[in-house]
Amino acid sequence: MVNGAGTADGAGEAEGVAGGVGLTALLVAAARAIETHRHDPLARDVFAEHFVHAAPACAGWPVRIQQVPDGDANPLWGRFARYFGLRTRVLDDFLLRSVHAGARQVVLLGAGLDSRAFRLDWPADCVVFEVDRAGVLAFKHEVLDGLSAAPKAARTPVPIDLRADWAAALTAAGFDPAAPSVWLAEGLLFYLPSATETHLIDTVDRLSAAGSALAFEVKLDKDLLEYRDSPLYTSTTQQIGIDLLALFDREPRPDSAGTLTGRGWSTSVHTPFDFTRHHGRGPLPEENDALAGNRWVFANKPRP
Ligand code: SAM
């Protein structure tokens, strides 16, 4: 077991993976582990289960669907985990498309336990920047170092809180705003204060040369509480003690896709279900669905 910086002792907990929003990174890792071991995986992440096994906070969490007594009928480890598997696949494809179109800098905002630097086949001159809080990245490094995992691209951790001056930290770490980049905010924006999201989108726009791309996830719901009794939220609270509604920021959200469109980016907005249909597997709409307002936004800054 690895405690990283995220032990349950006061200041450490706010930073690491033992609790608060940091623990959501482990939820996604467990979901990726389950997806990886399926007979028909949408994405494969061989590192994911090691994060789960290394974290005391995940004691008893499954890493295979066969370890879940009710299997795919379980709202958390069945449908919600498959959602994360689908999201991983769709955003893997987006990132690889973007680097093949010319971007060589990949910036993972709120990177959490994303192991893309280690598992995707990047062009040789690609650099992956991972921005998250220090405790989360410290835990991640400890686990990956223990596995002697080798990144498939140059990899630069940028340990900082996204409410601080992360643009300065990113450029100090070697990011070049004059060169095209591809940005990802996966499972991140709804945890941030609305003003922080606005600032983040402004900053990505400012640091993006023509030919850059951005993908991000939002929740459209004006009233998240409408789904407070959904199987997805209640199972996540009851089975692993993560109350997502308590972690989400409840302020009205900015229209980030609209902002980017207004600044000349070409944007497209998709439901996850669009991709379920495309791939032939994944979650489909249901009654009282906490995923109903989730949207995946793809944005490209055109070349002149
Ligand atoms: N993007 C990763 C993925 O999909 O696997 C992680 C998603 S996890 C649900 C949310 C991540 O956002 C966590 O790693 C958390 O530490 C990070 N995060 C949330 N608020 C943050 C903040 N203010 N500054 C930096 N990172 C933050």
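Note that the coordinates shown come from a computational prediction; the quantities given were computed from them, not determined experimentally.

Using the criterion set out here, one finds 25 salt bridges in the structure. In this structure, Glu35 and Arg38 form a salt bridge, with 3.6 Å as the shortest nitrogen-oxygen distance. Note that Arg87 is salt-bridged to Glu186, the shortest N-O span being 3.3 Å. Taken as a pair, Arg87 in helix α4 (residues 75-100) and Glu186 in the loop between β4 (181-185) and α8 (194-207) lie far apart in primary sequence, 99 residues in all. For Glu186, a relative accessible area of 10% corresponds to the buried category.

Glancing now at the site of the ligand. Not every one of the 21 residues close to the ligand is listed here, only the nearest: Arg32, Gly110, Asp132, Leu162 and Glu186. Side-chain polar atom of Arg32 to an oxygen atom of the ligand: 2.9 Å apart, as the coordinates give it. When isolated, the ligand has an accessible area of 590 Å², and the protein chains bury 97% of it. Here the ligand is seated within the largest pocket. Here the shell around the ligand takes four residues from helix α2 (residues 22-36), the largest share from any one element. Residues that form the shell around the ligand fall into these classes: 10 nonpolar, four polar and seven charged.

Before going further, it helps to spend a moment on the sheet that holds strand β1 (residues 105-109). Taken in spatial order, the seven strands line up as β3-β2-β1-β4-β5-β7-β6 in an open sheet, and their pairing is mixed. Each edge of the open sheet is held by one strand with a lone partner, namely β3 (154-159) and β6 (266-270). Neighbour to neighbour, the strand axes of the sheet diverge by 15° on average, direction disregarded. Pairing geometry for β1 and β4, over five bridges, is parallel. Residue pairing across strands places Gln105 opposite Ser181, the latter belonging to β4. On top of the sheet, α4 reaches β1, β4, β5 (213-219) and β7 (294-300); it is set at about 5° to β7, its chief contact.

Once that is clear, we can look at helix α12 (residues 272-279). In an α-helix, one turn spans 3.6 residues; hence positions three or four apart end up facing the same way. For α12, the complete set of buried residues consists of Pro272, Phe273, Phe275, Thr276 and His279. The buried residues of α12 occupy one face: seen down the axis, they fall within an arc of 155°. Residues of α12 that are exposed and point over 90 degrees away from its buried face: Arg277 and His278. Summarising the contacts, the buried residues of α12 are in contact with α4, β6 and β7. Residue Gly280 follows α12 closely and has a positive phi angle near 80°.

Our focus in this paragraph is the packing of α4 against helix α9 (residues 231-240). Running from N to C, α4 and α9 point in directions that differ by 125°, and their axes come no closer than 9 Å. By the angle between their axes, α4 is oblique relative to α9. The handedness of the crossing between α4 and α9 is left-handed. Only Pro231, Leu232, Ser235, Thr236, Gln239 and Ile240 of α9 make contact with α4, whose side of the interface consists of Pro75, Leu76, Trp77, Arg79 and Phe80. For the contact of α4 with α9, the residue count by class is seven nonpolar, three polar and one charged.

This part covers the packing of α4 against α12. The geometry of α4 relative to α12 is characterised by a closest axis approach of 10 Å and an angle of 80° between their N-to-C directions. In terms of orientation, α4 lies roughly perpendicular with respect to α12. Note on element contacts: α12 touches α4 through Pro272, Phe273, Phe275, Thr276 and His279, opposite Arg79, Tyr83, Leu86, Arg89, Val90 and Asp93. Partitioned by chemical class, the residues of the contact of α4 with α12 number six nonpolar, two polar and three charged.

About the criteria used
- Residues numbered from 1 in each chain as written.
- Predicted model: local features only at pLDDT ≥ 70, side-chain atom pairs only at ≥ 80, totals over all residues.
- Heavy atoms only, no water.
- Salt bridge = Lys/Arg side-chain N within 4 Å of Asp/Glu carboxyl O.
- Helix = DSSP H or I, 4+ residues; strand = E, 2+ residues; numbered from the N terminus.
- Buried < 20%, exposed > 50% of the residue type's maximum accessible area, 1.4 Å probe, protein only.
- Near = heavy atom within 4 Å.
- Polar contact = N/O pair within 3.5 Å; in protein donor to acceptor, adjacent residues only side chain to side chain.
- Areas by Shrake-Rupley, 256 points an atom, 1.4 Å probe, with all protein chains shown as cover.
- 1 Å grid on protein atoms, 1.4 Å probe; cavity = no way out; pocket = protein on both sides within 12 Å on 5 of 7 lines; lining within 4 Å.
- Sits in = over half its atoms within 2 Å of the grid points.
- Nonpolar A, V, L, I, M, F, W, Y, C, P; charged D, E, K, R; others polar.
- Pairing = 2+ DSSP bridges.
- Axes fitted to C-alpha atoms, helices over the stretch in contact; angles between N-to-C directions.
- Contact = heavy atoms within 4.5 Å.
- Arc of directions from axis to C-beta.
- Parallel < 35°, antiparallel > 145°, perpendicular 65-115°, else oblique.
- Left-handed = near helix turned anticlockwise from the far one by under 90°.

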